[in-house]
Amino acid sequence: MLALSLLLAVTAAGCGGDDGGGGDEQAATDTGEDAGGEPQRGGTFRIQTDAFEWTGNFDPTGEYLGTALGFYSSLLVRNLMGYRHVGGPEGNELIPDLAEAEPEISEDGLTYTFKIKPGVKFAPPVDRDVTSKDVLYAFKRIGTPSLVAQYGFYYSVIEGMAEFTEKGGLSAKGTNEISGIETPDDQTITFKLTEPTGDFLFRLSMPAAGPIPEEVAKCFMKAGEYGRFLIATGPYMLEGSDNLDATSCKSMKPLPGFNPNQRLIMVRNPNYDEATDTKEARENFVDRWEMTLNTNAQDIFDRVKSGSVELAHASEPPEVIREYTQNEDLKKNYHSDPGDRTWYITMNLTQPPFDDIHVRKAANLIMDKEGLRRAWGGSVKGDIAQHIVPDTMFNDELEDYAPYATEGDAGDVDKAMEEMKQSKYDTDQDGMCDAPQCKGVLHVTRTTDVWKAMVPVIEESFRKIGIQVTTREFEDSYTVIQTVKRQAPVSSTPGWGKDYADASTFMVLFDSRSILAEGNVNYSLVGLTGEQAKEVGAAGTTSGIPSIDADIDECNKLQDDERLSCWQDLDQKLMEEIVPWVPYLDANADFVTSDAVTHYVYDQFAGEPGWAHIAMDPSAG
Amino acid sequence: MGRYVIRRLLWAALIVFVVTLLTFVIFYVMPPGDPAIRFAGKQPTEATIREVREQLGLDKSLPKQYYTFVERLVTGDAAECPQGVEGCGWPGLWISYDSRTAVRQEIIERGPRTISLALGGAILWLVLGVSIGIISALKRRSLADRLAMGFALFGISAPVFWLGLLALFIFGSEGLGIDAFSTGYVEFSSDPVGWFSHLVLPWSVLALLYAAFYARMTRGNLIDTLGEDYIRTARAKGLPERKVIMKHGLRASLTPVVTMFGMDIALLIGGAVITETVFNLQGLGNFAVNSAASADLPAVVGVTLVLAVAVAVMSLVVDVVYAYLDPRVRYS
Amino acid sequence: MAPERGFQGETLLDVRDLKVHFPTPDGVVKAVDGLSFTVHRGETFGIVGESGSGKSVTNLTALGLVNRKAAQIEGEVLFKGRDLLKLTPGELRHVRGKELAMIFQDPFASLHPMYRVGDQLIEAVKVHSNVSKKQAEERVLELLGAVGIPRPRERFRDYPHQFSGGMRQRAMIAMALTHNPDILIADEPTTALDVTVQAQILELIDHVKREFDIGVILITHDLGVIADVSQTVMVMYAGRAMELAPKDELFRKPLHPYTWGLLDSMPRIAQKGTRLLPIEGAPPSLINVPPGCAFHPRCPHRFQPCDRERPAFADRGGGHPEACHLTIEDKRRLWAERDARRLGVAV
C-alpha cells in the first residue's frame, strides 16, 4: 500500500523520493572539511535503500526517478551537457561534458551543433570511442514506442521526431531516420528544432539523451531490458561489464552489477580517461559503489551509525532526524539540502466553491502552513513555500515573494475573510462561505502518517472561512486526482519536483494541452476549455477558465536571463491571477552518512548525494 | 494410500487452478490502479499507454490473458522469454511488470529464503511450544505452569515487528553488536554457518510468536488426553509415568497439533512478511506484498500459485501424517 | 477390623479402615470413609453400589492411581502383608500391572486407539519382565488364546477399533493376566457391553480366576452381575460399607434397608412382569454426607438415632456385618414383609 502510493508519488513528481526530505540547511560542502585533510581515494561505498524504485529497470531511456538520474549523471553516462554535481544554483548550471564546448546555436535558435570530445570511450566490452552516432542512437531509442521513453515529450521539438516515431522508430521496416538530427562526422552532431526552445540544453542533459552503443542495445527492443546490460561512458560501470560476452544477442547474460530488486554495484571503468573530464564535475574518489536493499529502514540507520553502511537511502524516521540534529557528534553526518520540490494543496477550478478565485485566494490566506509543516516534522523538512517554483531554481531571486504571507505562516482570519467577502459563495458578505456549496466539500488525501497528520490542520483552516471539507483518504489518492471524471475539488496529496532546473518543468502542470482523462497532472485543470471538458469528462464550471498556455509558449522561446524572469513573472501571475494551489512546503532532500564518509557533497540536479565528489575513509568496511 | 495420494494431488491441482483464476478475476475486476499508466511515464501519451498495455499483455481480453497464463504455466515460457531475462522455463510464470525479471526466477531465488525461515522457525516453535505445553500440563497450576503460560501470553500478544526490532536492538549494532546475528540472508551453499546465524533471530521471533499457540494447544490437549481411560490403563499396566505421558498421552494429543503445524508452515510461505521485512530476508512474503502494492499481476499470480501449491502440498502431508498417527483415519 | 468370613484361600488383600478424602474449594469430598474388607485367593469379591458410592476410588487407591497430593488417605491396604499405602510411587508401579491388575468399564476407551492391540499387550509384558520382543509376542499370543480371541496371530496386528467391544474387554483381561497377578480388579467390566457379551465376559472372568488361581474384585452397580460370579459381596453407600456377606446370604437374608432397595431395583429375567422399585431419592453428595447413617434420608425405616448416630459396621446377630440401627428382629420382619409383597405383586 505504502509502496503503491510511493511509486505513484514519484511517478507524478519526477525526480527523487517521495519523502519531503529536510533538515537544517547546512552548507553541504562544509562537512567535507570537518574530517580534515584532503579527501582520500579508494574505498567501497555501501548504500542501503529500503525500496528500489525504477521506472525502466535502469534503461536510461525509460528511467525517470532521481536515484537513477543521479547515478547516471554522476557516474555512468556522459551526456553532451552535464552538471557539476554540487549543491545550490551552481549545481543547476549546465557545463559541457561529452561535448567539447558549449554548442553553436543558430540565430533563430533552431539549430544546435555540438563537437564531441575525443577520447571518451565506452566501457568494456565495447571498448571504443563514443561518436555522434551513439548519441543519435539514444534519440532513436527515445523515438521507438516499444522502448517506452518516460520523457520523450522533451524531444518532440526535434524535427522529424514525430514522423520517426510514427513509423515505429527502430522497429520500423526499412530505413527510418530522424530528419532533425545529423551526424556529418563522428565528432559532430546537429539538432534542428521546429520551434525555439530555451531549455533544450537542459533537455539534452537528461540521461535518456546520453550515448548508447547500438551493438549492445540493439538486442533489447522492449522497455526495461537494456538496464541490465548498460554500457557506461562515465568513470564507473556496472560490475561484470568487462566479462560481458557481446559477440551476439544470445551470448549476453545480465550483468551481475544490477538487479532491479536487489542491487546496484558499480566499479571503476578502465576506459575512463580523467583528461576528458574536469575536477569540478567529477573527482571519483571512491573505488566501488554497492547499493543494496534492506527492507528494515530502522536497521539501515543503525548500520550507518555503526559504520557497516556509508549512506542511508531511505526516509529518516522522526527519531533519527531528532537524534542527528541534536547530537553534536552526529550533526556532521546529517545532510539536508533544498530538494527543488514543492508540496501543495491543489484546488480544482471547475468545482465549487473553488471555481471562484476569491475562495482560492482566501484558502491561501487562511491555511496554517506552519501547522502543515509541523505535521511533516517541522522546520528540518524544508522552508514554507510561498509560490510555485522552488527558490533555488530562480537563483533565489523570488525568495522574498510571498503574496499570501501571514504572521508565522499560521494563516490570517481577517485577511482571509476580507477576501471571502468578495466571493459569490459568501451570500451575506460576512467573510464566511455560506452557500450550500461550502458544505461537505470533498478533500482527497493519502493514507500515510504525514497526510493523516495534516488533515485536522486543513479542516480547521477551511472551517475558519466557512468551508466545511469532508476528508477521504485513498491508498491510490494519486489515481483519484489524476482521473478527471472523479472531479476531486481539493486535494493535499500532490507534490512536484523538477526534472531539470528550468521552471518549464513546473509549468507543464498548468498547460491545458497536457490535460488527460486519466493520468492527468494538471489537477487544477488550468486552461480547460468547454470542448476539452467533454472530452476528458470534466463537469462543473467548465467555461471561463483562464489559460496560461500562451505565456508558457512565450517563455519557452526565450533563453537565459530573459527566460528566467519570464518564468518568474508567470509564477507570480499564477499565484495572483489563477491561484490553482496553496503551496506550503519547499521540501529538503536529506541523507545520513556514516563517520567513514569524510567528504559529502549534494547534487542539486538530481536531488541526490553528489556521488562524483563524495569521499570516504578507504580503510572503512 | 497411493491412490488416495494421487486423488488428492489431482484435487490440489484443480484447486490451484481455481485460485489462480480467482486471482486473475479479482485483479481484473478490481485493479489497484492501471499498471499501464504507471509504467508509461510522467506525462504519458495515449500511444505510450497503448504500447505499454500491449507489452504487458493487458490489451487482450481477460479469458485470453488467463489462457496465455495457463499455456505458459503448462508448457513453460522459455521460448518467448525476452532477451536479457534470465530464469524463464517450466513452469512458466512470465515476467514481472515491475522489475521485468522472470517471476519463476524470483521464486527460485526467494523460495529458499522463505522456506529456510518458515521451516527453521517451525521446528523451533514446535519443539519449544510442545515442551512448554507438556511441562505446563504436567505441572498444572504450579509456578512453572504459570511462568510458561505467562510466556505464551507474552508471545501471543507481542507484535512480531516489535519483537524483531527488540531482538535487533539487543543483538544488533546498537546493542551487543553481534555481527553474525545481523539482518540479511546468507546462502546456505556459500556459508552454512552464516546462513544459520543470520536466521537465528528471525527463527526465534517467529518461534516465540507461534510457540505460544502451540504451548496452549498442547497443554489443553494433553490435559484432556490424560483424563482418558487408556491413560489409566497404561498406568494400571505399571508403565513408568514418563512413558505414559510421552508415548500414550502425547501421541493422541499431538494429532490436532500436526494439522495446525502443516497449515501454519504453508501460510508462512507467503505470509512471513513482517519477519522477512524486519530481518531483511527478501523472501516470498516481501515479494508478495510489493507485487500486490504495485499491481504487478504476473508476480502476484506467481506468488499466489506458490502459496496455493504450498497449502495443497502441506494439507496432503498433514493428511498422510495424520493417517500415520491415527489408524482410525487410515482404515476408514 | 475386617471380619473373617472363613473363606478358605490365602488372604491377599486386607483393607483396614480406609479413608480417602479430597479437599476441594467447596468442601471435603469423603470418597471413602472408613472401609474394611478382605479378599482371598480363589474368591470373587463383589463390591456393589450406586455410582458415587466410592467403590472405584477404593480400588484406584489400592493401585496408587489416586493422586496422593490431592487426597488425604488414611488406613491400611495390606497386600500380601505389605501396606500399599506406604509404598513409594516407584515401588507401587512394580506391584501394579504385575501382582495387582485392573480392567475397566469401557473397553472402547481403555485401549489406546493409536497403537496396535498386540503392541499394547507386548508393552504390558515388557514393563515387568526383561524378555525379548519375540518372547513377549509369544506370551501375548498365548494370553490372547487364553481369553478366547480367535486367530490371535491375525488379530495381534489389529487396532482397537477393529475389535468388537467384547473382544476388547477380552484383550484387556489378557493384558491384566500378563504377569499372573494375584488379584484382578474388574471395575464395571460389562456395563458397556451387550447383554449376551456380558455373560461371556463374566464367564471368562470366572474362568480365569479358577485357571490362574487368583482373587478377583468385581466392582459393579448391578447386583445381577454379582449374583452370577461372586462368592462374597460388599454393599457400599456414600463411601461406607453397608453390608458384607457371602453371596447367597446376601440374596436370601439381606439385613440392610439399602440392600433391600438394591434388590428391589434389580431386574430378574426369570420373573417377567416384576415391578422394579427404584430407591427413592438420590445418592448424597460426598461433600455433604448426611449425619448419622448416610442412607437415612432415603430410608423408609429410619427412626430416632439414624440421623444422629452413625451405626457401627458389625454383626448384629444376623450372621454377617452390616451398618443399620434396626434390631435384627426388625430387619428379619421387614425383609420378610417386603419379600412377600414383592413376590405377591409378581404373581
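Look up a bit, the structure's there.
Conventions adopted
Residues numbered from 1 in each chain as written. Chains lettered and ligands numbered in written order. Predicted model: local features only at pLDDT ≥ 70, side-chain atom pairs only at ≥ 80, totals over all residues. Heavy atoms only, no water. Contact = heavy atoms within 4.5 Å. Buried area = accessible area lost by both parts, 1.4 Å probe. Salt bridge = Lys/Arg side-chain N within 4 Å of Asp/Glu carboxyl O. Polar contact = N/O pair within 3.5 Å; in protein donor to acceptor, adjacent residues only side chain to side chain. Helix = DSSP H or I, 4+ residues; strand = E, 2+ residues; numbered from the N terminus. Nonpolar A, V, L, I, M, F, W, Y, C, P; charged D, E, K, R; others polar. Buried < 20%, exposed > 50% of the residue type's maximum accessible area, 1.4 Å probe, protein only. Pairing = 2+ DSSP bridges. Phe/Tyr/Trp six-rings, centres within 6.5 Å; stacked < 30°, edge-to-face > 60°. Lys NZ or Arg CZ within 6 Å of the ring centre and 35° of its normal.

## Overview of the interface of chain B and chain A
Step number 1: Listed by partner, the interface residues are 39 residues for chain B and 52 residues for chain A.
Step number 2: Summed over both partners, the interface of chain B with chain A buries about 3800 Å², with 50% contributed by carbon and sulfur atoms.
Step number 3: Connecting chain B to chain A are zero salt bridges.
Step number 4: Applying the counting rule to chain B against chain A returns 18 residue pairs in polar contact (both at pLDDT 80 or more).
Step number 5: Where the side of chain B that touches chain A is concerned, the elements lending two or more residues are helix 2 (35-38), helix 3 (46-56), helix 5 (103-138), helix 7 (160-171), helix 11 (273-278) and helix 12 (284-293) of chain B.
Step number 6: Residue classes in the side of chain B that touches chain A are distributed as 12 nonpolar, 16 polar and 11 charged.

## As for the pairing of strand 5 (residues 111-115) of chain A
All names here are of chain A.
Step number 1: Residues Tyr 112 and Phe 114 point to one face of strand 5 and are all buried, whereas Thr 111, Thr 113 and Lys 115, pointing to the other face, are not buried.
Step number 2: Across two bridges, strand 4 (residues 104-105) lies against strand 5 in antiparallel orientation. Among the inter-strand pairings, Ile 105 is bridged to a residue of strand 5, identified as Tyr 112.
Step number 3: As consecutive antiparallel partners, strand 4 and strand 5 are separated by five residues, and within that stretch Gly 109 has a phi angle of approximately 75 degrees, a positive value.
Step number 4: Here five bridges tie strand 5 to strand 7 (residues 188-192), and the two strands are oriented antiparallel to one another.

## Quick notes on the interface of chain C and chain B
Step number 1: Listed per partner, the contact involves 25 residues of chain C and 22 residues of chain B.
Step number 2: For the pair chain C and chain B, the summed buried surface comes to about 2300 Å²; carbon and sulfur atoms form 61% of the total.
Step number 3: Of all residues in chain C, C:Met114, C:Tyr115 and C:Glu123 bury the most surface against chain B, accounting for 29% of the area lost on that side.
Step number 4: Across the contact surface, chain C and chain B share two salt bridges.
Step number 5: B:Lys247 is the partner of C:Glu123 in a salt bridge, and the nearest nitrogen-oxygen pair spans 2.8 Å.
Step number 6: Run the count over chain C and chain B and you get 12 residue pairs in polar contact (both at pLDDT 80 or more).
Step number 7: At the level of elements, helix 3 (107-110), helix 4 (117-128) and helix 7 (165-177) of chain C are the ones that each hand at least two residues to the side of chain C that touches chain B.
Step number 8: Tallying contributions element by element places helix 4 of chain C first for the side of chain C that touches chain B, with five residues.
Step number 9: When the residues that make up the side of chain C that touches chain B are grouped by side-chain class, the tally is 14 nonpolar, seven polar and four charged.

## Side note on the packing of aromatic side chains
Step number 1: Taken as a whole and assessed by the stated rule, the structure comprises 48 aromatic pairs over all chains.
Step number 2: Ring plane angle 20 degrees and centroid distance 4.8 Å describe the contact between A:Phe58 and A:Phe258, whose orientation is recorded as stacked. Here A:Phe58 is found in the loop between strand 1 (44-49) and helix 3 (66-76), whereas its partner A:Phe258 is found in strand 9 (residues 258-259), with 200 residues between them in sequence. Across the pair, exposure class does not vary: A:Phe58 and A:Phe258 are buried alike.
Step number 3: Taken together, a centroid distance of 4.9 Å and an interplanar angle of 85 degrees make the contact between B:Phe188 and B:Trp195 edge-to-face.
Step number 4: Using a relative accessible area of 46% as the deciding quantity, one classes B:Phe188 as partly exposed.
Step number 5: In this structure, B:Arg72 packs its charged tip against the face of B:Trp94, placed 3.7 Å from the ring centre.

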